[in-house]
Amino acid sequence: MTTPDSEAPDNFGEQFLDDYFAECDEHIASVRRHLLALDQQVGEGRIDSALLDELFRSFHTIKGISGMVGFRDEEQLAHRIEDTLRAVRQGDLTLNVDSIDGLIESVAMLDRRLAARRSKTPLPVVPGEGAEANLPPAAAAGAIGESPLLTFSIEFTPTLALAEQGININSLRARMQEIGEILKSTPKVKGQGEISFQFQVRTHVDLMALPEWNSGGLQTVAAAPVPVEMNRPVPKIASSNVVRVDLVRLDELIRMMGEMVTSRARLEDQVKQARKTLPSTEWRAMFESTQTMARQLRDLRDGVMRVRMVQVGEIFDRMQFVVRDMARESGKRIIVDVVGQETEIDKFLIERLMDPLLHLVRNAVSHGLERPDERKSAGKPPEGRLTLRAVATGENVTIEIADDGRGIDVERVAERARATGLLAPGVPLDNARLLEVICYPGLSTRVEADRESGRGVGMDVVKSTVEALTGTLSLSTEMDQGSRFCIELPLTLALADVLIVAVRGQTYAVPQSTVREVFEVDPSAVRALERNEIIAHRGGALPLLRLSEFFKLTEPKQSRDGRFHVFVTGTGTNALGIVVDRIVGQQEIVVRTIGDSLVQVPGIAGATDLGDEKVVLILDVPAIRRSALQERLISTGN
Amino acid sequence: MLRPLAKTAHVLVVDDSPTMRRMIVTALRGLESVKFSEAGSGLEALERMTLTPIDLMILDLNMPEMHGIEVLQFVRAHNIYSRLPVIVLTTRGDETSRSEAAASGATDYMTKPFQARDLLELVRNLLPENEKP
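Residues numbered from 1 in each chain as written. Chains lettered and ligands numbered in written order. Predicted model: local features only at pLDDT ≥ 70, side-chain atom pairs only at ≥ 80, totals over all residues.

Asker: When you look at the overall build of chain B in this model, what are you seeing that I'm missing?
Answerer: Across its full length, chain B holds 5 helices and 5 strands. Starting at the N terminus and walking to the C terminus, you meet the elements of chain B as β-α-β-α-β-α-β-α-β-α. Long-range pairs, those at least 24 residues apart, make up 63% of the contacts in chain B between residues at least 6 apart in sequence. (Helix = DSSP H or I, 4+ residues; strand = E, 2+ residues; numbered from the N terminus. Contact = placed C-beta atoms within 7 Å.)

Asker: What's the story with the overall build of chain A in this structure? I'm lost.
Answerer: From N to C terminus, chain A includes 17 helices and 22 strands. Here chain A, with 638 residues, has 31% of them falling under the buried criterion. Long-range contacts, defined as pairs at least 24 residues apart, comprise 67% of the intrachain contacts of chain A with a sequence gap of at least 6. (Buried ≥ 20, exposed ≤ 12 C-beta atoms within 10 Å, placed from the backbone.)

Asker: Please explain the packing of helix 2 (residues 42–51) of chain B against helix 3 (residues 68–77) of chain B as it appears in this structure.
Answerer: All names here are of chain B. Between helix 2 and helix 3, the shortest axis-to-axis distance is 9 Å and the interhelical angle comes to 25 degrees. In terms of their interaxial angle, helix 2 and helix 3 are classed as roughly parallel. By crossing handedness, the relation of helix 2 to helix 3 is classed as right-handed. Here Gly42, Ala45 and Leu46 of helix 2 come into contact with helix 3, specifically with Gly68, Glu70, Val71 and Phe74. Taken together, the residues of the contact of helix 2 with helix 3 break down into 4 nonpolar, 2 polar and 1 charged. (Axes fitted to C-alpha atoms, helices over the stretch in contact; angles between N-to-C directions. Parallel < 35°, antiparallel > 145°, perpendicular 65-115°, else oblique. Left-handed = near helix turned anticlockwise from the far one by under 90°. Nonpolar A, V, L, I, M, F, W, Y, C, P; charged D, E, K, R; others polar.)

Asker: Would you take a moment to explain the sheet that holds strand 4 (residues 86–90) of chain B for this structure?
Answerer: Whether parallel or antiparallel, the strands of a sheet pair through hydrogen bonds between backbone atoms. All names here are of chain B. With parallel pairing, the 5 strands of this open sheet are ordered in space as 2-1-3-4-5. Because the sheet does not close on itself, it has two edges, and the strands there are strand 2 (34–39) and strand 5 (108–111). Here the strands of the sheet are splayed against their neighbours by 20 degrees on average, with no regard to which way each runs. Seen against the sheet, helix 1 (residues 18–27) touches strand 1 (9–14), strand 2 and strand 3 (56–59) and runs at an angle of roughly 150 degrees to strand 1. (Pairing = 2+ DSSP bridges.)

Asker: Would you take a moment to explain helix 4 (residues 97–119) of chain A for this structure?
Answerer: In an α-helix there are 3.6 residues to a turn, and that puts residues three or four apart on one side. Residue and element names in this part refer to chain A. Look at helix 4: 33 Å from first C-alpha to last across 23 residues, which is about the 33 Å you get at 1.5 Å a residue. Along helix 4, the residues classified as buried are Ile100, Gly102, Leu103, Ile104, Ser106, Val107, Met109, Leu110, Arg113 and Leu114. Structurally, helix 4 contributes buried residues whose contacts are with helix 1 (17–44), helix 3 (72–89) and helix 9 (313–330). Within two residues after helix 4, Lys120 carries a phi angle of roughly 55 degrees, on the positive side. (Expected span 1.5 Å × (residues − 1).)

Asker: What is the right way to read the sheet that holds strand 19 (residues 576–580) of chain A from this model?
Answerer: Residues and elements named next belong to chain A. Taken in spatial order, the 6 strands make up an open sheet running 14-18-19-17-16-15, and their pairing is mixed. With partners counted over all chains shown, the strands left at the sheet margins are strand 14 (517–521) and strand 15 (527–529), one partner each. Neighbour-to-neighbour, the strand axes of this sheet turn through a mean angle of 40 degrees, independent of strand direction. Strand direction decides the pairing type here: strand 14 and strand 18 (residues 564–569), joined by 5 bridges, are antiparallel. Paired with Val521 across the strands is Phe564, a residue of strand 18.

Asker: It is not clear to me how the pairing of strand 11 (residues 482–490) of chain A should be interpreted in this structure. Could you clarify?
Answerer: The side chains of a regular strand alternate between the sheet's two faces. Residues and elements named next belong to chain A. Of all 9 residues in strand 11, 8 are buried; the element is thus mostly enclosed. Inspection of the sheet shows strand 9 (residues 396–403) paired to strand 11 by 8 bridges, in the antiparallel sense. Across the sheet, residue Ile401 finds its bridge partner in strand 11, namely Phe485. Between strand 10 (residues 472–478) and strand 11, which pair antiparallel one after the other, the connecting turn spans 3 residues, and Asp480 there sits at a positive phi close to 65 degrees.

Asker: Before we go on, may I ask you to explain the environment of Phe564 of chain A in this structure?
Answerer: If you trace the backbone, Phe564 of chain A turns up in strand 18. Along the chain, Phe564 of chain A and Ile583 of chain A lie 19 residues apart, while their C-alpha atoms are 8.9 Å from each other.

Asker: Is there a simple way to explain the packing of helix 1 of chain A against helix 2 (residues 49–69) of chain A in this structure?
Answerer: Each pair of packed helices gets described by two things: the angle between the helix axes and the distance between those axes. All names here are of chain A. Two elements in contact, helix 1 and helix 2, have axes separated by 9 Å at closest approach and are oriented at 155 degrees. Judged on the interaxial angle alone, helix 2 and helix 1 are roughly antiparallel. In this structure, helix 1 meets helix 2 at a crossing whose hand is left-handed. Contact residues: Leu17, Tyr20, Glu23, Cys24, His27, Ser30, Val31, His34, Ala37 and Leu38 in helix 1; Leu51, Glu54, Leu55, Ser58, Thr61, Ile62, Ile65 and Val69 in helix 2.

Asker: How do you make sense of the environment of Val201 of chain A when you look at a structure like this?
Answerer: Residues and elements named next belong to chain A. Looking at the secondary structure, you find Val201 in strand 3 (residues 195–203). With 17 residues separating them along the chain, Val201 and Lys184 place their C-alpha atoms 7.3 Å apart. Apart from residues no more than four positions distant in its own chain, Val201 is found in contact with Phe152, Ile154, Met176, Gly180, Glu181, Ile182 and Leu183.

Asker: Is there a simple way to explain unusual backbone geometry in this structure?
Answerer: Going from Lys112 of chain B to Pro113 of chain B, the amide bond is cis rather than trans, its omega being -5 degrees. Among the secondary structure elements, Pro113 of chain B is positioned in the loop between strand 5 and helix 5 (116–126).

Asker: Help me understand the confidence of the model for chain A, please; the structure alone is not making it clear to me.
Answerer: Atomic detail in the predicted coordinates should be set aside for any region of low pLDDT. All names here are of chain A. A residue-level look at chain A finds 82% of positions with pLDDT of 70 or above and a mean pLDDT of 79. The weakest mean pLDDT in chain A belongs to helix 14 (residues 444–447) at 44; the strongest belongs to helix 11 (residues 372–377) at 93. Across residues 137–146, confidence stays below pLDDT 50; counting only partners more than four residues off in sequence or on other chains, it has 10 contacts. (pLDDT = per-residue confidence, 0-100.)

Asker: Help me out: how do you make sense of the confidence of the model for chain B in this one?
Answerer: All names here are of chain B. Of all residues in chain B, 92% attain a pLDDT of 70 or more, and the chain-wide mean is 86. Per-element confidence in chain B is highest for strand 3, whose mean pLDDT is 96, and lowest for helix 2, whose mean pLDDT is 82. Under a pLDDT of 50 for its full length, residues 1–6 has, in the predicted model, 3 contacts with residues more than four places off or in other chains. Both confidence scores are given for the complex: pTM 0.56, ipTM 0.80.

Asker: In this structure, what is going on with helix 3 of chain B? I would like to understand it.
Answerer: Those residues of helix 3 of chain B that fall on the buried side of the exposure criterion are Gly68, Ile69, Glu70, Val71, Leu72 and Val75 of chain B. Taken together, the buried residues of helix 3 of chain B touch strand 1, helix 2, strand 3, strand 4 and helix 4 (95–103) of chain B.

What follows is the structure, given as structure tokens:
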């Protein structure tokens, strides 16, 4: 029934790999959701058959399309899961926690295989049918109850060759009597004058499943076909209105729209300049048109952005799946709370975030949450609690991963950091510095004996990925209370609202998503603290960083009274005030990352065109903050 | 029964997997004067058929809402489509499914994974005479 890879004449299936992976992703996502629901139902002792149907269908489809693209192992794996589900559906097999575990394991394997196929990395080995201890074999189902009595029609066409092998009417009759009862035997004349014999056999053995009853001159069919999966009630039409679109095409749309935004800004500029030369009523009408256009473009932008948005629920399901798997392996008991799974975020961002998020979740399970006995002796409930939360706040999304485990042993981390020279002696390790330290390349794996370290993602990668997406990572932790990681990201990367700032005759764009607040400062408010400048702000001390010093700009300052603007980035002890000469305005821009070596300067994230054909550099605020913080880590206490 | 040569044959591809539908349509791209419609469920297929006349159907069995066999039985019960060529294209290779499909009126039966050229040949043979190249 299946064709080996080598026989595929033209690799027909290969051209559909993108569709294949996309469709498998959809099915695996829904499988995860359904398995988690099934897991819960098994615990409650009731099973919704619609859920089984959905699962069954997903694996059925995965099997079908895997076969077409020539992925035989995936096809077989899906086939085996399908068999198991069929047995459950037919009541031949009872689902329990172990069999759900087996299913989850198989799905995880399927998922890993697909990921490896996609990235063309070495494939994890699928255990053989016998080795797959946890996937209950559907064949075992027969042992549970008496298998039904079946009737088969067996047609035998004798040939000389078969007779030489000892296969003839007599040997066949003996075989049939071994397994059941011969009801009828009739000779038949076939087209070319050939003779065949037709037997009706009643038996408990499903001959259809046995190849030897369909080879060696034998053709077996069920005599009284029992309709399977028929006459089921027909539910309402749920025709899907979903269109699958390649992200690249959407990027193209965004790019075109970005150009329109730029052209409009240019037009507005020109209209403003025409004010002197045009009669006022005509000029006003023209100006209002540009304003209307701005609103319309914003609506269009929002519309296109919405198309790119996906719910974070899908990755939360995936994380729950990982947690469940890890909990089972480690003997921990974990309750996962999911909040805000309907929150939407750019598809591009969520894909980039997947590995960092999974890393944080794995860390929480393997290092944060304790074993039940440990928790009990600490006076906690035996079940650890892991919270996955997503919240949209204006132009940003916050994703939070929190556990109520043992928290990070700050003193131990501090010792390590001092031992490696990362932290000056005597300097306390607050949450912001702690994050810097545990995200220091190569350190996290040494501080925490990380079981997952083989996966190639460490805390340093988590942090740099988040920051590359112009987001921020923050941490709060308390001994015996747990840890909380927060990732704050813009909703999208393609377009950004920026502050335009001027420093010593240079103009920069600052993504608004990185700016907490902006205020004006009188130079007299600045105090020196060791090598740093600080100002009093909101009841605390806000360290300052002068952008002119950061970029070593030597032009004179263009301000008569010496006052300047500060924008605040980061929160709490992580906050930093960045000093600029003045804030020029705000604007929406299209972000272009440039490969030009001229702009590959630390602290610069990209460039944009403000509509006046001058290129403006976009500040890489997280990078600036990082370098400032590192300097502080080393310098403080010296 | 002769129809003008310019007539385009209309093939309806019924499968709940969009990837599989694309594969089927791509496999049949070599056919001249054929246009394709796709349906992701049995009900969708029946609806499509009542709206536009079709000349051949490629039908999956295991689909949500309405099983392929039910679709087939329904189609056969309809006067207009009692003689419509229907190819059942399914992952189920067992004889029970085959004979069930045959008993319900399938014109032909092919299992997935299929070879593109086999499907092409089968469809070519089943399309009305004047639509063949």
